[in-house]
Structures are given as C-alpha cells and as structure tokens.
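Take a look at the letters that make up each chain.
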Amino acid sequence: MRVDKLLWYLRLAKSRPVAQAMAEAGHIRINGRRIERAHHKVGCGDVLTVPLPAGVRVIEILVLPVRRGPAPEAQACYRVLDEGRTNPIAAPNHADVSISKG
C-alpha cells in the first residue's frame, strides 16, 4: 500500500493531499529510512516514524486497512511504539524549589 494512502486511512492525515505532502516533505521514515515519495510501499511489520502536530509518533503497522473507517478501526491497525516516552526538553521541571517568604 502507498504510504500516503496509509496515512490517510489510519487518520494520521486529514486528507489524501495532506498525506502526500507529508510524505514528499522528507520527514517520514519507514524502517529507519527517510522517504521522499508518496508512492513508497508500506506493508505489515513496517515501522513508521511520522511527525505530527502533537509530536513525533513511532508506529508499527499490524494490518493494512482496507478503507478509511472510524478512528477505533484505524487505531486497531497499528501499535504505538513510543507511547509513554516523554520529551525531556518539554517535560516539566520537578526540582524542589522552595521560595522563602521573607
């Protein structure tokens, strides 16, 4: 399946032209290799690194979807590999800082 079609089916892109632009921007990686073409083939077991507005997501394709269905159906087709990791730069600082009133 084409990577642009997959991104659209998995609801990682709002439209097919947006998915094509994402693929052609050169920021998506498939199995660690950078791609620059929307027609690059993706299959089951492939690992995609996709930059999204909410942050970079690393997902493993479990099943190729046959349509752009509802979100729960789309989410059942992949497994998030980077879930639970936080960006240390964006993480809040939990250092004990006491402010003395004085």
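Structure: see above.
Residues numbered from 1 in each chain as written. Predicted model: local features only at pLDDT ≥ 70, side-chain atom pairs only at ≥ 80, totals over all residues. Heavy atoms only, no water.

Caption draft 1: Representation of the nonpolar core in the model. One finds Val-3, Leu-7, Leu-10, Leu-48, Ile-59 and Ile-61 to be the most contacted residues of the largest nonpolar core, which totals 22 residues. If you list the elements that add at least two residues to this core, you get helix H1 (3-9), helix H2 (16-24), strand S3 (47-52), strand S4 (55-61) and strand S5 (78-80). Setting aside chain neighbours within four positions, we find Leu-7 in contact with Leu-12, Ala-13, Ala-19, Met-22, Ile-28, Leu-48 and Val-50. (Core = buried A, V, L, I, M, F, W, Y, C linked by side-chain atoms within 4.5 Å. Buried < 20%, exposed > 50% of the residue type's maximum accessible area, 1.4 Å probe, protein only. Helix = DSSP H or I, 4+ residues; strand = E, 2+ residues; numbered from the N terminus. Contact = heavy atoms within 4.5 Å.)

Caption draft 2: Broad picture of the side chain of Asp-4. Tracing the backbone shows Asp-4 in helix H1. Note on Asp-4: relative accessible area 0%, which makes it buried. A polar side-chain atom of Asp-4 sits 3.3 Å from a polar atom in the side chain of Arg-16. Asp-4 has contacts with Arg-16, Ala-19, Gln-20 and Ala-38, leaving out every residue within four places of it along the chain. (Polar contact = N/O pair within 3.5 Å; in protein donor to acceptor, adjacent residues only side chain to side chain.)

Caption draft 3: How the structure looks around the packing of aromatic side chains. Applying the stated criterion across every chain yields a total of 1 aromatic pair. Pairing Trp-8 with Tyr-9 gives two aromatic rings, centres 5.7 Å apart and planes at 40°, and the pair type is tilted. (Phe/Tyr/Trp six-rings, centres within 6.5 Å; stacked < 30°, edge-to-face > 60°.)

Caption draft 4: Just the sheet that holds S3, in detail. Here we have 5 strands laid out as an open sheet, ordered S2-S1-S3-S4-S5, and antiparallel in their pairing. Because the sheet does not close on itself, it has two edges, and the strands there are strand S2 (33-34) and S5. Note that strand S1 (residues 29-30) and S2 share 2 bridges and pair antiparallel. When the sheet's bridge partners are listed, Arg-29 is paired in S2 with Arg-34. (Pairing = 2+ DSSP bridges.)

Caption draft 5: Structural context of the side chain of Asp-82. Mapping Asp-82 onto the fold places it in the segment after S5. No salt bridge is formed by the buried Asp-82. Its closest oppositely charged neighbour is Arg-57, at 4.1 Å. Reaching out from Asp-82, the side chain makes a polar contact with the backbone nitrogen of Val-58 at a distance of 3.2 Å. (Lys, Arg positive; Asp, Glu negative; His and termini not counted. Salt bridge = Lys/Arg side-chain N within 4 Å of Asp/Glu carboxyl O.)

Caption draft 6: Highlighting the environment of Val-42. With respect to the helices, strands and loops of the structure, Val-42 is situated in the loop between S2 and S3. The spatial distance from the C-alpha of Val-42 to the C-alpha of Ile-30 is 7.8 Å, given a sequence separation of 12 residues.

Caption draft 7: Spatial organisation of the pattern of salt bridges. Tallied over the entire structure, the rule returns 5 salt bridges. The partner of Asp-4 in a salt bridge is Arg-2, with the nearest N and O atoms 3.0 Å apart. On the accessibility criterion, Arg-2 (27% relative accessible area) is partly exposed. The salt bridge partner of Arg-79 is Glu-60, with a shortest N-O separation of 2.2 Å. Note that Arg-79 is positioned in strand S5 and Glu-60 in strand S4, a separation of 19 residues in sequence. Taking the relative accessible area as the measure of exposure, Arg-79 reaches 42% and is therefore partly exposed.

Honestly, that's just the spatial picture; any functional story needs more than this.
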